[in-house]
Amino acid sequence: QVQLVESGGGLVQPGGSLRLSCAASGSIFSINAMGWYRQAPGKQRELVALIPSGGSTNYADSVKGRFTISRDNAKNTVDLQMNSLKPEDTAVYYCNADIRTERGPVYYRYWGQGTQVTVSS
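**Q** Please clarify how the pairing of strand S9 (residues 91-101) should be interpreted in this entry.
**A** Here is the key point about a regular strand: its side chains alternate between the two faces of the sheet. Buried residues dominate S9, accounting for nine of its 11 residues. Sheet topology note: the strand S4 (residues 28-39)/S9 ladder contains nine bridges and is antiparallel. In the sheet register, Gly35 faces S9, and the bridge partner there is Asn96. Relative to strand S11 (residues 115-119), S9 runs antiparallel, the two sharing three bridges. In the strand pairing of S11, Val92 is matched with Gln116. Bridge count between S9 and strand S10 (residues 107-111): five bridges; the pairing is antiparallel. Bridging across to S10, Arg100 finds its partner in Tyr107. Hairpin connection of S9 to S10: five residues between the antiparallel strands.

Written out as structure tokens, the structure is:
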């Protein structure tokens, strides 16, 4: 069984910063890409940032220059540093990871439960 658990959400004023963390645990053999998505009320879930196991990161245009994704392969964690937050960044943020378990060779996408980020004065 694999679990992804997020932490670090909360309420912040416009212009402020938050750091989200996500830890994967369970019978993990290897992890390919890890990422953060978000879903605002009444909107579809959208990609925020993606970090492959190797290679360059990808960001949504709306967060480029403000958000930074990073990962620690030894700890199976992925973080999202969010700076210069705007009210339109308000959403539930979800982490995901493409994980191969010890049971077989196929990678499956796992999701965390989500953490609320609210940007408001």
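**Q** What is the right way to read the nonpolar core from this model?
**A** Proteins that are soluble and globular tend to have nonpolar side chains buried together. Counting residues in hydrophobic clusters, the biggest one holds 30 residues, and the most contacted among them are Trp36, Leu80, Met82 and Tyr93. Those elements that place two or more of their residues in this core are strand S1 (2-7), strand S3 (18-26), S4, strand S5 (46-51), strand S7 (67-72), strand S8 (77-82), S9 and S11. Of all the elements, S9 adds the most residues to this core, at five residues. Discounting residues that sit within four places of it in the chain, Tyr93 has contacts with Glu6, Leu20, Trp36, Tyr37, Arg38, Val48, Phe67, Leu80, Met82, Gly114, Thr115 and Val117.

**Q** Would you mind going over the packing of aromatic side chains with me for this structure?
**A** By convention here, two paired aromatic rings are described through the distance between centres and the angle between planes. Evaluated as defined, the whole model comprises one aromatic pair. Relative to Trp111, the ring of Tyr37 has its centre 5.0 Å away and its plane inclined at 65°; by these criteria the two rings are edge-to-face. Residue Tyr37 is located in strand S4, and its partner Trp111 is located in strand S10; the two are separated by 74 residues in the primary sequence. Trp111 gets classed as partly exposed once you look at its relative accessible area, which sits at 34%. Residue placement shows Arg45 over the ring face of Tyr94; its charged tip is 3.8 Å from the ring centre.

**Q** I keep staring at the side chain of Ser30 and nothing clicks. Help me out?
**A** Its place among the elements puts Ser30 in strand S4. Among the polar contacts made by the side chain of Ser30, one reaches the side chain of Tyr107 at a distance of 2.6 Å. Those residues in contact with Ser30 that sit more than four places away from it in its chain are Asp98, Ile99, Arg100 and Tyr107.

**Q** For this particular structure, what's the right way to read the sheet that holds S7?
**A** Strands in a sheet are paired, the pairing made by backbone hydrogen bonds, and the direction either parallel or antiparallel. What the four strands build is an open sheet, ordered S1-S3-S8-S7; its pairing is antiparallel. Single-partner strands in this sheet number two, and they are S1 and S7. Going across the sheet, the axis of each strand differs from the next one's by a mean of 15°, ignoring polarity. The pairing of S7 with S8 spans six bridges and is classified as antiparallel. Among the inter-strand pairings, Ser70 is bridged to a residue of S8, identified as Asp79.

About the thresholds
- Residues numbered from 1 in each chain as written.
- Predicted model: local features only at pLDDT ≥ 70, side-chain atom pairs only at ≥ 80, totals over all residues.
- Heavy atoms only, no water.
- Buried < 20%, exposed > 50% of the residue type's maximum accessible area, 1.4 Å probe, protein only.
- Helix = DSSP H or I, 4+ residues; strand = E, 2+ residues; numbered from the N terminus.
- Pairing = 2+ DSSP bridges.
- Core = buried A, V, L, I, M, F, W, Y, C linked by side-chain atoms within 4.5 Å.
- Contact = heavy atoms within 4.5 Å.
- Phe/Tyr/Trp six-rings, centres within 6.5 Å; stacked < 30°, edge-to-face > 60°.
- Lys NZ or Arg CZ within 6 Å of the ring centre and 35° of its normal.
- Polar contact = N/O pair within 3.5 Å; in protein donor to acceptor, adjacent residues only side chain to side chain.
- Axes fitted to C-alpha atoms, helices over the stretch in contact; angles between N-to-C directions.

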